[in-house]
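These are the residues of each chain, in order.
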Amino acid sequence: MKQLLLFITLTFALFSCQEKELPNVFVKQKSGHFVVGDSAYYFIGTNYWYGAILGSTGQGGNRERLLEELDFMKAKGINNLRVLVGADGPAGQAVKVMPTLQIEPGVYNDTIFDGLDFLLAEMEKRNMYAVLYLNNSWEWSGGYGQYLNWAGKGDVPEAGVQDWPVFVNHVAQYADCDSCKTLFFNHVKNVITRTNRYTGKKYTDDTAIMSWQVGNEPRAFSDSGKPAFAKWLKETTALIRSLDNNHLISIGNEGTKGTEEDMNLFEEIHADPNVDYITIHIWPKNWSWIDITQIPQSVDTAIIQTNKYIQDHLVVARKLNKPVVIEEFGFPRDNHKYSLDDPTTARDKYYANIFTQIDKSSENKDILAGCNFWAWGGIGRPQHTYWQPWDDYVGDPSQEEQGLNSVFDTDSTIKVIKEYASQINKNR
């Protein structure tokens, strides 16, 4: 009898401990800080945009890899994943990821929705949080260009962003395209009102979701489009809030680089009461902050520019009393190669600079709340310079060199991530 009582007691205690480890509350924003229950929430996360594809059972799916990588990330202290809900439009275009989710307006590839359900269910088991973005200003997942196509406004140039002036002129139409926005709003409703088939939870009740995000780097793409752009963002966040009062809402903005260098516009769109926190993205290579022929020698210049960019936007964040997430930043390997034999000493130094700032903020309970590096390569491996069906997904979209910004499981960067994530998680 005593042995039976002891067994019951130990079983109950073990069950209670397990319950405490499960994410049974939503991430909230209070007085400029993220909180989970009574604890402050600061984090190091990553961009895992292809997570729903990996979680699917169709082409591109690899649940064995997904589960292994989620376990690996969790063990290294990564507990926040920024994920694309799904790509838009027909698959097969050279610059678009596939498989896509929304094949036609309101018509969905259920395999990808199933993959997203599976991903969220597995993240919940590991006490991880997802930021789910719903649109994209870039062509690699459809986004602006696909909605313009559906609205009869033509196609993005075949070369996409490689034909920059033509691309910008085309996607700038989105700001004033009411029919595009109607199609997008319908998509938002379809996604947010979904029920996860693995957990039985409505997405609105799913604690594995941290935030709904309007899109990946939404831009006006012109000065004249700024008012319509701001109006669209405000309408979108209001719609999301009307559908879901449990989750945080974010924009996915890059900072002034995503607002035509207009800090006033940046402040305006983040002052929206339905926007719970501020995002910025930082791209030293794209913004010519490094010399790609001398990456290790120019990393210090990139760090100086990066710190200034962060501080400039923290001024607005303090004014609005909202936390900041550096949710995209990438850095190439030392010799700008895409293979794993190229060292990452410059990248490690650059990452450590950003992680140090998150660490200090967590110690001081300041408003710089977290970061998501770009991007997770994990156990995937580049197989071609540009993605071809069905290569491993390694974080860089199909229009970019595969492995350009990828963090692989064997990179020295992993040690840097684990060291800082461990310290930040202790500060909670």
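In the block above lies the structure referred to throughout.
Bear in mind the structure is a predicted one, so any value in this text is a computation, not a measurement.

A word on the pairing of strand β4 (residues 43–47). In terms of residue burial, β4 counts as a mostly covered element, since 5 of its 5 residues are buried. Pairing of β4 with strand β13 (residues 368–373), which is carried by 4 bridges, proceeds in the parallel orientation. Considered in β13, the bridge of T46 is made with F373. Note that β4 and strand β5 (residues 80–84) share 2 bridges and pair parallel.

Relative to strand β2 (residues 33–36), strand β1 (residues 27–30) is paired through 4 bridges, and the arrangement is antiparallel. Counted as the bridge partner of Q29 is F34 from β2. Between β1 and β2, which follow one another and run antiparallel, lie 2 residues, and S31 among them has a positive phi close to 55°. Note: β2 against strand β3 (residues 39–40), 2 bridges, orientation antiparallel. Bridge assignment links V36 to a residue of β3, and that residue is S39. With antiparallel pairing between neighbouring strands as the criterion, β2 and β3 make up a hairpin whose turn holds 2 residues, including G37 at a positive phi of roughly 65°.

Along the chain, D334 turns up in the loop between β12 (324–329) and α11 (345–364). In terms of polar contacts, D334 uses its side chain to reach the backbone amide nitrogen of A346, at 3.0 Å. Filtering out sequence-adjacent residues up to four positions away, D334 remains in contact with I295, P296, D342, P343, T344, T345, A346 and R347.

Summed over the entire model, instances satisfying the criterion amount to 26 salt bridges. Notably, a salt bridge pairs K231 with E235, separated by 2.5 Å at the nearest N-O pair. Taken together, the residues K231 and E235, both in helix α8 (residues 226–243) and 4 residues apart, mark about one turn of the helix. On the basis of relative accessibility, which here comes to 30%, the residue E235 falls in the partly exposed class. Its salt-bridge partner being D411, residue R333 comes within 2.8 Å of it at the nearest N-O pair.

With that settled, consider the sheet that holds β4. A sheet is described by the order of its strands in space; here 8 strands give the open sequence β10-β9-β8-β5-β4-β13-β12-β11, paired in parallel fashion. The sheet terminates laterally at β10 (248–250) and β11 (278–282), the two strands that pair on one side only. For this sheet, the mean inter-axis angle between neighbouring strands, taken without regard to orientation, is 25°. Direction of pairing for strand β9 (residues 209–213) relative to β10: parallel, over a ladder of 3 bridges. By the bridge assignment for β10, W212 is matched with I249.

Three- or four-residue spacings in an α-helix give side chains the same orientation, since the helix completes a turn every 3.6 residues. If you check α8, its first and last C-alpha atoms are 26 Å apart, about what 18 residues at 1.5 Å a residue would give, namely 26 Å. For α8, the complete set of buried residues consists of K226, A228, F229, A230, W232, L233, T236, T237, L239, I240 and R241. Buried residues belonging to α8 abut α5 (143–150), α7 (178–192), β9, β10 and α9 (263–271).

Rules behind the numbers
- Residues numbered from 1 in each chain as written.
- Predicted model: local features only at pLDDT ≥ 70, side-chain atom pairs only at ≥ 80, totals over all residues.
- Heavy atoms only, no water.
- Buried < 20%, exposed > 50% of the residue type's maximum accessible area, 1.4 Å probe, protein only.
- Helix = DSSP H or I, 4+ residues; strand = E, 2+ residues; numbered from the N terminus.
- Pairing = 2+ DSSP bridges.
- Polar contact = N/O pair within 3.5 Å; in protein donor to acceptor, adjacent residues only side chain to side chain.
- Contact = heavy atoms within 4.5 Å.
- Salt bridge = Lys/Arg side-chain N within 4 Å of Asp/Glu carboxyl O.
- Axes fitted to C-alpha atoms, helices over the stretch in contact; angles between N-to-C directions.
- Expected span 1.5 Å × (residues − 1).

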